[in-house]
Amino acid sequence: MPLSGRQPVESIPVRADVVVIGGGVSGLCAALYLARGGAEVVLLEAGVVAGQGSSANAGTLALQNKRPPMLAYFIEGVEEWHRVAVGLAVDIGYGRPGGLQVAETDADLAALENQAGHLRDHGIAVDWLEGSALAARAPWLASSVRAATESGADGYADPLRAGQALAGAVEAAGGRILTHTPVMEAARRGAGYVLSVPGGTVACDSVVIATGPWSAALGRMFGAELAVEPSTIMLTATEPAPAALDRVVTHIRGRLTVKQTAAGGCLIGGGWYGRGDFTRRRRDIAYESLLHNLRLGCAVAPFLADLRPVRHWAGYEARTRHGRPLIGPVPGQGGLFALVPAAGGWTAAALGGRLIAECVLTGRVPPLAEGLGPEAG
Ligand SMILES: Cc1cc2nc3c(=O)[nH]c(=O)nc-3n(C[C@H](O)[C@H](O)[C@H](O)COP(=O)(O)OP(=O)(O)OC[C@H]3O[C@@H](n4cnc5c(N)ncnc54)[C@H](O)[C@@H]3O)c2cc1C
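Small disclaimer: the values here were computed from a predicted structure and weren't measured. (Residues numbered from 1 in each chain as written. Predicted model: local features only at pLDDT ≥ 70, side-chain atom pairs only at ≥ 80, totals over all residues. Heavy atoms only, no water.)

Undergrad: Outline the packing of aromatic side chains, listing residues and values.
TA: Inspection of every chain in the model, using the stated rule, returns 6 aromatic pairs. Ring-pair connections join several aromatic residues into one group, and the members of that group are Trp-214, Phe-278 and Tyr-316. Of note, Lys-66 hangs over the ring of Phe-74, and the distance from its end group to the ring centre comes to 5.2 Å. The positively charged end of Arg-255 is found above the aromatic ring belonging to Trp-272, 4.2 Å away from the centroid. (Phe/Tyr/Trp six-rings, centres within 6.5 Å; stacked < 30°, edge-to-face > 60°. Lys NZ or Arg CZ within 6 Å of the ring centre and 35° of its normal.)

What follows is the structure, encoded as structure tokens:
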């Protein structure tokens, strides 16, 4: 099986047009667009495909919780996910059930109205719900929720299924994926690079660093500074419950996303930080913050309080100083590119893959990636 287990040493290719480092959803999408664009692509992944943040995440493809100036970017991100998902051979649980963004306080109401304006300005239809209309639409919401906006744009894709499906698509397009193959060193060779991996080397014209929270270390291998830091985000899954939530719920204050999966379990998250020791690859629950997260979820949707949590976990996410992704050529390093999402990295992965492939294949930075280059980090 090409997607799991180590490929034999002798199968390590000695050359490729482009090497993508990192087999999370960003690297997989980059490899997919590069291969479809005609490049000979090899993806090198230190562990298994989508084994880190790309399978630990909540799968939310929400727009209502995205703010300007990145709103247009995420809108195109969700569109691109749609294009990718419908073209995959495997069902990845992708859908756009829509979403509710809720408000409780006076300040929340003002912020919700403001955000609804931004969404409408960007062409996203949003309905304002309160009183009996809100109660009829979402009877499971607490009475503390005074209003909500509803949009059909919010969606979901199952992180436990998407990685393998994307890897299959990369291979179907002619790309090669080598798992358990960490890049250990990088050196210049002519106009390109030669990368050392266990058991061999890979020479290539171009490299895309798509190693999420590990990207600063990868940058250093090339003598480049990528201003990326790791953070640790927590998530809770409950026992299965009768179908109640038919759409994604977010809070205007941020810090809450709730959804119910097809199997009935509810996922409660919202970007609450866990504890972690990145160098030792430890990711732990920060119970005090987790309680705040669960209390907020139960305050908004009280039926959650009756469900037993079956699992809490934490995963790594990349963080940049300005909160925007890094996408584009690395200055002063011909042929080296970075694709590192920040918050919302699942939502933007397909778009990031398309944009970086365009940079590599055409040598031009597409308009949506302008201002997102690593030099802006
Ligand atoms: C708990 C949690 C919930 C989240 N929920 C959401 C959500 O609902 N919606 C949303 O939009 N985003 C969400 N995110 C963020 C999202 O999951 C990430 O932004 C996204 O998955 C990042 O993908 P990536 O491919 O860039 O990085 P990663 O998935 O981290 O992949 C990077 C890969 O690089 C590999 N690598 C590292 N070093 C090397 C090396 N030397 N050689 C080869 N390979 C290497 C790693 O093994 C890893 O597989 C969440 C994140 C977490 C942790």
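Undergrad: Talk me through the sheet that holds strand 6 (residues 147-151); I want residue IDs and the actual numbers.
TA: Taken in spatial order, the 8 strands of this open sheet run 5-6-4-13-14-15-12-18, and their pairing is mixed. Sheet topology places strand 5 (127-130) and strand 18 (309-320) at the edges, where each strand pairs with a single neighbour. Here the strands of the sheet are splayed against their neighbours by 20° on average, with no regard to which way each runs. Across 11 bridges, the pairing between strand 12 (residues 228-238) and strand 18 is antiparallel. Bridge pairing in strand 18 links Leu-235 to Trp-313. Here helix 8 (residues 287-300) sits on the sheet and contacts strand 4 (99-103), strand 12, strand 13 (248-251), strand 15 (266-269) and strand 18; the angle it forms with strand 12, its principal contact strand, is near 50°. (Pairing = 2+ DSSP bridges. Helix = DSSP H or I, 4+ residues; strand = E, 2+ residues; numbered from the N terminus. Axes fitted to C-alpha atoms, helices over the stretch in contact; angles between N-to-C directions. Contact = heavy atoms within 4.5 Å.)

Undergrad: Give a description of the site of the ligand that names residues and reports values.
TA: What surrounds the ligand is a group of 34 residues, the closest being Ser-26, Glu-45, Ser-54, Thr-60 and Thr-347. Take Glu-45: an N or O atom from its side chain is 2.7 Å from an oxygen atom of the ligand. One of the side-chain N or O atoms of Ser-54 is found 2.6 Å from an oxygen atom in the ligand. Protein chains bury 94% of the 1000 Å² of accessible surface belonging to the ligand in isolation. Listed by contribution, the elements that provide at least two residues to the shell around the ligand are helix 1 (25-36), helix 2 (53-56) and strand 18. A domain-level breakdown of the shell around the ligand finds at least three residues from each of domain 1 (13-55 + 160-227 + 322-376) and domain 2 (99-151 + 230-320). (Near = heavy atom within 4 Å. Polar contact = N/O pair within 3.5 Å; in protein donor to acceptor, adjacent residues only side chain to side chain. Areas by Shrake-Rupley, 256 points an atom, 1.4 Å probe, with all protein chains shown as cover. Domains from an automatic or database assignment.)

Undergrad: I'd like a description of the domain arrangement of the chain, backed by residues and values.
TA: As a measure of interface size, the accessible area lost when the parts come together is often cited. Segmenting the chain into domains produces domain 1 (13-55 + 160-227 + 322-376) and domain 2 (99-151 + 230-320). Computed over C-alpha atoms, the centres of domain 1 and domain 2 are 31 Å apart. Tallying the contact residues gives 15 residues for domain 1 and 9 residues for domain 2. Approximately 980 Å² of surface area, both sides summed, lies buried where domain 1 meets domain 2, with 54% of it carried by carbon and sulfur atoms. When the area that domain 1 buries against domain 2 is broken down by residue, the three leading residues are Gln-52, Pro-213 and Trp-214, summing to 48%. Applying the counting rule to domain 1 against domain 2 returns 0 salt bridges. (Buried area = accessible area lost by both parts, 1.4 Å probe. Salt bridge = Lys/Arg side-chain N within 4 Å of Asp/Glu carboxyl O.)

Undergrad: Can you lay out the pattern of salt bridges for me, pointing to particular residues and giving the numbers?
TA: Within this structure, the stated rule accounts for 18 salt bridges. For Arg-137, the salt bridge goes to Glu-150, with nearest N and O atoms at 2.9 Å. In this pair, Arg-137 sits in helix 5 (residues 131-137) while Glu-150 sits in strand 6, placing the two residues 13 residues apart along the sequence. The partner of Arg-308 in a salt bridge is Glu-239, with the nearest N and O atoms 2.9 Å apart. Remark: Glu-239 occurs in the loop between strand 12 and strand 13 and Arg-308 occurs in the loop between helix 8 and strand 18; sequence separation between them is 69 residues.

Undergrad: Got a sec to walk through the side chain of Thr-257? Specific residues and values, please.
TA: You can see Thr-257 is positioned in strand 14 (residues 257-260). Residues in contact with Thr-257, not counting those within four places in the same chain, are Thr-60, Asn-65, Val-249, Thr-250, Leu-267, Ile-268, Gly-269 and Gly-270.

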